[in-house]
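Now for the letters of each chain:
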Amino acid sequence: MSTNRQAETSASPWRAPLLFAVVILLIVLEGTVSNAMFSGSWNSALSILNMGLISAVTALGVNMIWGYGGLFNAGVVGFVALGGLAPVLVSTQPVPGAWAAGGPQLVLALAAGLATLVIAVTAAARMKGVGRLPVVVLILIAGYVVTRMLFDPAVTAIEANNPSKAGNIGGLGLPVLLSWPVGMVFAAIAAWGIGKVALGLRSDYLAIATLGIGEIIVAILKNEGWLARGVLNITGVPRPVPYELALQSNPAFVEAAARWAMDPATASAIYVKLCYAAVFVAVVLILILLSELALYSPWGRMMRAIRDNETAAEAMGKDVTRRHLHLFIIGCAVIGLSGAMMVTLDGLMAPGGYNPLRYTFLVWVMVIVGGSGNNWGAVLGAVLIWFLWIKAEVWGPAGMSLLTSPLSDGPLRQHLIESAPQMRFVAMGLVLLLVLRFAPRGLLPER
């Protein structure tokens, strides 16, 4: 064991509590101190906390894939987007006339596409010889033609239904919390399909494959308006907590706000954010509990053994590819859960906002900074990096103003100060480099 690994393994048991205390202190300072560094607004502090908790769920999913199995998923954004689709299809209200316009034909088209894949896979498995490939290709071509013949008219009819306000298939009107496990299922199904194709590849090719597939998923959501209106976005996604206006019209709540010396608008916004925070904390704690139980079970020990030495694991009779597939599906399902939570928090589905730098690069920074292979480290890294990501926009101009103080006031200095908020990724890269230099296994290394 190396000196660094020995030092990190023997780190103080107070290390994790102290680091979490620092993060909590930063959130409290954001809510209570008003100066050049902190806003002094609990609205801002709770907004950062809620998005940090959602990011923690995403980081836990990536940590399962990378920390447990050593699989590099560069398409995190795609699974976040798939999870975000679930609240739209499950919880928004049905669009009048959309189902009658093309719903049954759309279902038939999807069934035809699925049947084509099943028939092609069955033919490939049972046929042998030189005729197998031509037959499979013919099946796929014929199935594609039939599917498009059914699919295109159905989509055109749905998108032509009240296009200014809808133009999509609509949802089922069910409670939004039910959409969260559905988001997990959406991401898991996609992960199964991707894993069956890509998990046999070498790690660098797997990264390239997942990167491309993640972008394909986002492109589909942007261009298939019948699903979620594409780039026109969907607003008014239901929420599992009260609405601010309902609270402001409640005399008991207004009276309680007055006792706290707050106006009803501010008090209602803080109350709603606290409700979200309670739900998100519960989800994170449940995921950590399940992840810890899995990690220290025989299954978890087997996955780490496969990660550390695939050749030895195969020699002991373990089906490495199959185990990787299981892990990939579970991790992507958790990532999909975070996507559903994010759309629920925002009340908005905006496919154009799924940026790989934000939803892939930043999440990987969270996992690496926190400590890959450590579930608590993933949560710590997620909340800390999200806090720094948000505050970099505020601290950037102040820091740039200080750095450029020797320069005379002029266009160059003004341009540097105005461009400072856009240097978030530089700041995150610097944080990542510092952590890799002084704590190469993360702030909370794997135990």
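For every chain, the first residue of the written sequence is number 1, and numbering continues from 1 along that sequence. Given that this is a predicted model, residues contribute local features only at a pLDDT of at least 70 and side-chain atom pairs are listed and counted only at 80 or more, while totals for whole chains, interfaces and linings are drawn from all residues. Only hydrogens and water are set aside; all other atoms, that is, all heavy atoms of the structure, feed into the side-chain values.

Let's talk about the side chain of Glu446
Note on conventions: DSSP H or I runs of at least 4 residues are helices, E runs of at least 2 residues are strands, and numbering of each starts at the N terminus. Within the secondary structure, Glu446 is located in the segment after helix H19 (424-438). Polar contact is the term for a pair of N or O atoms within 3.5 Å; when the atoms are in protein, one must be able to donate a hydrogen and the other to accept it, and sequence-neighboring residues count only if both atoms are side-chain atoms. A polar atom in the side chain of Glu446 sits 3.4 Å from the side chain of Arg304. Discounting residues that sit within four places of it in the chain, Glu446 has contacts with Arg304, Arg307, Ser372, Gly373, Asn374 and Arg441. Should any heavy atoms of two residues lie within 4.5 Å, those residues are counted as being in contact.

Examining the nonpolar core
Ranked by internal contacts, the top residues of the largest apolar core, which has 109 residues, are Val57, Phe79, Phe280, Phe328, Met341, Met349 and Tyr354. It is helix H15 (residues 320-346) that contributes the most residues to this core, 15 residues altogether. The contacts of Tyr354, once residues within four sequence positions are left out, are Val77, Val80, Ala81, Gly84, Val218, Val343, Met349 and Tyr359. As used in this record, nonpolar core signifies buried Ala, Val, Leu, Ile, Met, Phe, Trp, Tyr and Cys residues forming a set joined through side-chain atoms within 4.5 Å. Between buried and exposed lies partly exposed: a residue is buried under 20% and exposed over 50% of the maximum accessible area for its type, with that area taken using a 1.4 Å probe on protein chains only.

Description of the packing of helix H17 (residues 375-403) against H19
It is at 9 Å that the axes of H17 and H19 come closest, and there the two elements cross at 140°. Between H17 and H19, the crossing angle belongs to the class labelled oblique. By crossing handedness, the relation of H17 to H19 is classed as right-handed. In this structure, H17 uses Ile385, Leu388, Trp389, Ile390, Ala392 and Glu393 to contact H19, whose residues at the interface are Arg424, Phe425, Met428 and Val431. The residue inventory of the contact of H17 with H19, partitioned by class, reads eight nonpolar, no polar and two charged. Simply put, an axis is a line fit to the C-alpha atoms, just over the touching stretch for a helix, and the angle between two N-to-C directions goes from 0 to 180 degrees. Relative orientations are named as follows: roughly parallel for angles under 35 degrees, roughly antiparallel for angles over 145 degrees, roughly perpendicular for angles from 65 to 115 degrees, and oblique for any other angle. Handedness of each helix crossing follows the sense of rotation of the near helix against the far helix: counterclockwise by less than a right angle gives left-handed, clockwise gives right-handed. When residues are grouped by polarity, Ala, Val, Leu, Ile, Met, Phe, Trp, Tyr, Cys and Pro land in nonpolar, Asp, Glu, Lys and Arg in charged, and all others, Gly among them, in polar.

So, the layout of surface pockets
Note on definitions: the grid is 1 Å and covers protein atoms alone; a cavity is a set of points where a 1.4 Å probe fits but cannot get out; a pocket is an open set with protein on both sides within 12 Å along at least five of seven lines; lining residues have an atom within 4 Å of a point. Grid points are joined across faces, edges and corners, and a volume is the space filled by probe spheres set on the points. In this structure, the largest pocket spans a volume of roughly 2000 Å³. In this structure, the largest pocket is lined by 41 residues; those nearest its centre are Leu110, Leu114, Leu117, Ile189 and Ile220. Mapped by element, the contributors of at least two residues to the lining of the largest pocket are helix H4 (76-91), helix H5 (98-126), helix H6 (132-159), helix H7 (176-198), helix H8 (203-223) and helix H9 (225-228). When residues in the lining of the largest pocket are grouped by element, the largest group, 12 residues, is from H5. Broken down by class, the residue content of the lining of the largest pocket amounts to 30 nonpolar, eight polar and three charged.

Focus: the confidence of the model for the protein chain
When pLDDT is low, close inspection of the predicted coordinates is not appropriate. Residue-level confidence of the predictor is summarised by pLDDT, bounded by 0 at the bottom and 100 at the top. Across the protein chain, pLDDT averages 89, with 97% of residues at or above 70. Here helix H1 (residues 3-9) stands out as the least confident element of the protein chain, with mean pLDDT 48; H4 is the most confident, with 96. Across residues 5-10 the pLDDT falls below 50, and counting only partners more than four positions away or on other chains, this stretch makes eight contacts in the model.

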